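Residue-level structure breakdown
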Amino acid sequence: ADAPGGMAEYRTALAAGFFYKFFLSTLAEASAGELPPEVKFALSACIEHNTLNYTRPPARGLQHAGATAAAHDGKEVAGSSEQHKSASLQVSGQAKYVDDTPWGWRECWIEPVLSTVAHAKIVSIDHSLASRIEGFVDLVTAKDVQGINKIGAIAHDDEVFVADTVTAVGQIVACVVAESKYAARLAVSQVNITYEKLEPIVGLHDAVEKKSFFKPLFYKTEPLMHTVREEGCADIDAVFAKVKAEDTLVVEGQTFMGGQEQFYFETNACRVEHKEGELHVTCSTQNVSEAQHMIAEATGVPMHKIYVSTKRLGGGFGGKESRSNIIACMAAVASHKLERTVRFQLERHDDMACSGQRHACVSTYKLAVCKSTKRLLAVDVDLTLNAGYSYDLSQPVMNRAMFHVLNGCYVPSVRVRGHMAKTNTPSNTAFRGFGGPQGMFVGEVMYEHAATELGVTREELISANLYQSDQKTFFGQQVGECPLTDMWSDVMGKSDFKARQAAVAVFNERNRYKKRGIAAMPTMFGISFTATQLNQGCALVHVYKDGTCLVSHGGIEMGQGLHTKVAQVVATCFDIPLSAVYIADTATDKCANTVATAASSGTDINGNAAKIAADMVMERLKPFLEKHRPTRPVKDEEKISTLAAAAQDAWMQRVNLTGQGYYKTPIKGWNQDASGVNELDGEPFHYFAYGVAVSEVEVDCLTGDHTVLRADIIHDCGASLNPMIDIGQIEGAFVQGQGLFTTEEMVYSRDGRLFSKGPGMYKIPSFNDIPVDFRVHLLEGSSGPTIFRSKAIGEPPLFLANTVFFAIKNAIYSARADRAQELGKPKPGFFRLDSPATAERIRMACLDFINDSQNGAQPPAQHWHALA
């Protein structure tokens, strides 16, 4: 466990595996093909796999959008696969981001001074050496905060600058202001902080053992959802007691899912310009209004004198929903103190150390299933998320995890508890899926556990329990129209699942050290912020006298195509080409009191607000358009010129050509205090987005390497606003999910330092990790309840990549069965495999004469790094 670099057992097994490959390949060359059958059996698997003479066929894909024009009543803009409005700028390097802003007069660079210990009192901060660096301007600390030093997205338990006690490595203790980036970074290295160290809690299991938890917010007691639909039973314990019978199987277990770094291309960046008592902030944030609010709190400057704008983000994935705003306060405090313009862009290793990741989660579960019908009867789940050192967004993340523990399956009686562990690690935050993947993962693990014990496949058990239309969730919401059963049948046919499953079995019989696996899975993701008050948006639409439109809305463009879709909505409303609509920077002086672009609801909220604003102007223009547009124009130039003529006439008649639209999602919300049995009867989501996927993998059992041979996806986008953008989102989410469940591992030392910083140590998927054969279909004939009958797309497809995880596990089952046969033992049953399924975990779970540990996994206390 203390070996330098860690992974001692894996590295030992890996070296032996490579030697075995070398031995067999040499034997093959020397024997000229005269080999015993058992050697040939091992040989083909060793020397034909990718780890020797690496080859990979070119990736290929299928992108099937289906019929879209009919779904949008023949409108040419909404529903068409228009190019992303920034695509040409981005691929040519002309797209501008925060740090591309030209430097101004007396502008300074700031660099954070980060804590280097996980838990300690600050004794002193000495910057005497730093002040000697040429270009050094100042050191800004908590003493310079003129407003409130304690801020936060929900609870005020984060500090702009740590004043007394650091509670994680990577907290901002101070910042150096200098005349150049080089001077600032050199000066930071010369700031000396003296600490009085305290005992840290780093691992999630350590926090559970020591009962280190945050007190729940907004709950009377503990976060609890408890529904019982078994007649005569008072609670879930009574249900399990009642169903104990020969025809009932009950499985229990625990699983761990690691965190994930957002790894956006553009690290956190901010520029603050001080102008006559005003602060003009350009910030890489998903929430300009929250940035404005936090900066006002930290500086003491009222919000109407703080202007925050964002052109675009170089990726966000939730990582810039709240943490970016806290980091931006550092720059605002410095600018306000010095009355100078300042800027920063974090180095990758600093960004990963201080900005938080996806919450790791340890879960225990208990599941009852009827043996004869395969019907799921009852579930009892306990979720513990690693919140880190502060609340941040951990409460709503946990809420969504609790809502999603069943994924796409119906279970009548359910109890779910949630806990937020308090550890001395960076405060974890939003990430694509926002708790949903953590909840769904434990659901899929317990289904697999039950299926293995029943002697059936996961797919058989899942297909017998898929949600049906108009069923009620355990939290009391009607699901409405649910296409999962039809989608499941469709993906089974399109992927040729049964035939490929049989082919995988034949392949595994013929190969000892390379194995294949195939798995299918649904996803069912609730769309809306679970904090009901956040489901609102606004937009401002101007029509100009030349027939063009300028739109400002509260959403942030971060590569997902939000601006393109909103522009398509407005272009459709005015019946003009997309080129005649321009989306302005998101800014607090155009649209005030906005919400974060998150929860997959950006297009739903802002697209509807823009449509309301556009329809408002169109109603005013109606009599003028009837004059200038007796028949519908066909050519783009005619469409623009007729709108221009109508706008000119309207202006002459003093008609307002500006519309302000406001939209609130039509949901009633839910009551978090309703934690008693059958008390919860809420509507946290506007609707559900559905998807199904099948993945096939090949695993090298001697190294733990794997290749995704093929992935088939069918996803429900409603009547898609832009099919190609939606397909791109599906593909991107799936590959990001691959990283979550396979290659991306957050590695913390037991004293709280993050080892996996930067691309050298942290492995996001590359172009070589995508499925060799990647097929995506949009569900045809679907109709959503929101803007132009579309559905949200950002987060729902991510969890479909969990099919890769379970396909890998199926391959490992075959390797373990071979070893049991070699030893004359019974075929092994269910085994625990935590996420991510890294090469290390895969190799150590594949049993053979080199690695014969019969558990294939280590207890958390014996793991070579803290499971945080």
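Quick note: structure is the one above.
Quick caveat: nothing in here was measured; it's all calculated off a predicted structure. (Residues numbered from 1 in each chain as written. Predicted model: local features only at pLDDT ≥ 70, side-chain atom pairs only at ≥ 80, totals over all residues. Heavy atoms only, no water.)

Summing up its helical and strand segments, the protein has 20 helices and 27 strands in all. On C-alpha atoms alone, the protein measures out to a radius of gyration of 28 Å, which is about the 29 Å that the 2.2 N^0.38 rule sets for 868 residues. The proportion of buried residues among the 868 residues of the protein is 62%. Within the protein, contacts between residues separated by at least 24 positions form 81% of all contacts whose residues are at least 6 apart in sequence. For the protein, the computed accessible surface area is about 32,500 Å², with 53% contributed by carbon and sulfur atoms. Counting 84 positive and 98 negative side-chain charges, the protein places the averaged centre of each group 1 Å from the other. (Helix = DSSP H or I, 4+ residues; strand = E, 2+ residues; numbered from the N terminus. Rg over C-alpha atoms; globule rule 2.2 N^0.38 Å. Buried < 20%, exposed > 50% of the residue type's maximum accessible area, 1.4 Å probe, protein only. Contact = heavy atoms within 4.5 Å. Areas by Shrake-Rupley, 256 points an atom, 1.4 Å probe, with all protein chains shown as cover. Lys, Arg positive; Asp, Glu negative; His and termini not counted. Charge placed at Lys NZ, Arg CZ, Asp CG, Glu CD.)

The strands making up a sheet associate through backbone hydrogen bonding, with each pair oriented either parallel or antiparallel. On the basis of which strands lie adjacent, the open sheet formed by five strands has the order 10-18-17-16-11 and mixed pairing. Edge positions in the open sheet fall to strand 10 (224-227) and strand 11 (248-257), since each of these has one partner strand only. Between one strand and the next, the sheet's axes are offset by a mean angle of 10°, whatever the strand orientation. As judged from the nine bridges shared by strand 16 (residues 361-370) and strand 17 (residues 376-388), these two strands associate in the antiparallel manner. What sits directly across from V369, in strand 17, is L376. Lying on the sheet, helix 10 (residues 394-403) is in contact with strand 10, strand 17 and strand 18 (413-422); it crosses strand 18 at an angle near 155°. (Pairing = 2+ DSSP bridges. Axes fitted to C-alpha atoms, helices over the stretch in contact; angles between N-to-C directions.)

Next up on the list: the environment of V369. On the secondary structure map, V369 appears in strand 16. Judged by relative accessible area, V369 falls into the buried class, the value being 0%. Residue contacts for V369: discarding those within four places in its chain leaves D247, T248, L249, K374, R375, L376, L377, A450, L454 and L461.

Moving on, we come to the sheet that holds strand 8 (residues 172-178). Taken together, eight strands build an open sheet; the order of strands is 4-8-2-15-12-13-14-23 and the sheet is mixed. Each edge of the open sheet carries a strand with a single partner, namely strand 4 (136-140) and strand 23 (586-587). Bridge count for strand 13 (residues 278-283) against strand 14 (residues 306-310) is four bridges, and the pairing is parallel. From the neighbouring strand, T282 faces strand 14, where its bridge partner is S309.

Here we come to the nonpolar core. Judged by nonpolar contacts, the single largest core of 116 residues is most densely connected at V381, L383, L406 and Y447. Non-local contacts of L406, meaning those with residues more than four positions away in its chain, are made with V379, V411, V414, M446, Y447, Y467 and F474. Of all hydrophobic cores here, the second largest spans 41 residues; its members include I151, V272, A298 and I327. (Core = buried A, V, L, I, M, F, W, Y, C linked by side-chain atoms within 4.5 Å.)

In the structure shown here, the tally under the stated rule is 45 salt bridges. Among the salt bridges present, the one from D99 reaches R343, with a minimum N-O distance of 3.0 Å. Of this pair, D99 sits in the loop between helix 3 (87-91) and strand 2 (108-114) while R343 sits in strand 15 (residues 342-345), placing them 244 residues apart in sequence. With relative accessibility at 25%, the residue D99 sits in the partly exposed group. Of the charged contacts, one joins D649 and K627 as a salt bridge, the two residues approaching to 3.2 Å between their closest N and O atoms. Of this pair, D649 sits in helix 17 (residues 636-652) while K627 sits in helix 16 (residues 602-628), placing them 22 residues apart in sequence. Take K627: its relative accessible area is 59%, and that puts it in the exposed class. A cluster of three or more residues bridged by salt bridges with shared partners is formed by D99, E107, R271, E273, K275 and R343. (Salt bridge = Lys/Arg side-chain N within 4 Å of Asp/Glu carboxyl O.)

Counting buried residues along strand 16, eight of its ten residues qualify, which places the element largely inside the surrounding structure. The pairing of strand 11 with strand 16 spans ten bridges and is classified as antiparallel. Within strand 16, the position partnered with M257 by the bridge is C361. Hairpin connection, strand 16 to strand 17: the antiparallel pair is bridged by five residues, and K374 has positive phi, about 65°.

One pass over the full model with this rule turns up 20 aromatic pairs. Their ring planes at 75° and their centres at 5.0 Å tell us that Y20 and F849 sit as a pair that is edge-to-face. With Y20 in helix 1 (residues 8-31) and F849 in the segment after helix 20 (839-845), this residue pair connects regions lying 829 residues apart in the sequence. On the basis of relative accessible area, Y20 is assigned to the buried category, the value being 16%. Following the ring pairs from residue to residue traces out a cluster consisting of F403, F474, F475, W670, F685 and F688. When the ring centre of F831 is taken as origin, the NZ or CZ atom of K809, which lies over that ring, is 4.9 Å away. (Phe/Tyr/Trp six-rings, centres within 6.5 Å; stacked < 30°, edge-to-face > 60°. Lys NZ or Arg CZ within 6 Å of the ring centre and 35° of its normal.)

Here we come to helix 4 (residues 181-188). For helix 4, every residue scored as buried is listed here: A183, A184, A187 and V188. Down the axis of helix 4, the smallest arc covering the buried residues is 130°, so these residues share one side. Its buried side turned inward, helix 4 meets strand 2, strand 4 and strand 8. (Arc of directions from axis to C-beta.)

A few words on the packing of helix 7 (residues 288-299) against helix 8 (residues 323-338). Between helix 7 and helix 8, the least distance of the axes is 9 Å, while the angle of their chain directions is 45°. Judged by the inter-axis angle, helix 7 sits oblique to helix 8. Note that helix 7 runs across helix 8; the crossing there is right-handed. Along its contact with helix 7, which presents E290, A291, M294, I295, A298 and T299, the element helix 8 presents N325, I326, C329, A332, V333 and H336. A per-class count over the contact of helix 7 with helix 8 returns eight nonpolar, three polar and one charged. (Parallel < 35°, antiparallel > 145°, perpendicular 65-115°, else oblique. Left-handed = near helix turned anticlockwise from the far one by under 90°. Nonpolar A, V, L, I, M, F, W, Y, C, P; charged D, E, K, R; others polar.)

Take the side chain of H84 next. Here H84 is to be found in the loop between strand 1 (60-64) and helix 3. On the basis of relative accessibility, which here comes to 13%, the residue H84 falls in the buried class. A distance of 3.1 Å separates polar atoms of two side chains, one belonging to H84 and the other to E557. Discounting chain neighbours no more than four positions away, the residues touching H84 are Q90, E557, G559, Q560, G561, T564 and I725. (Polar contact = N/O pair within 3.5 Å; in protein donor to acceptor, adjacent residues only side chain to side chain.)

Interpretation in functional terms is not warranted from these geometric data alone.
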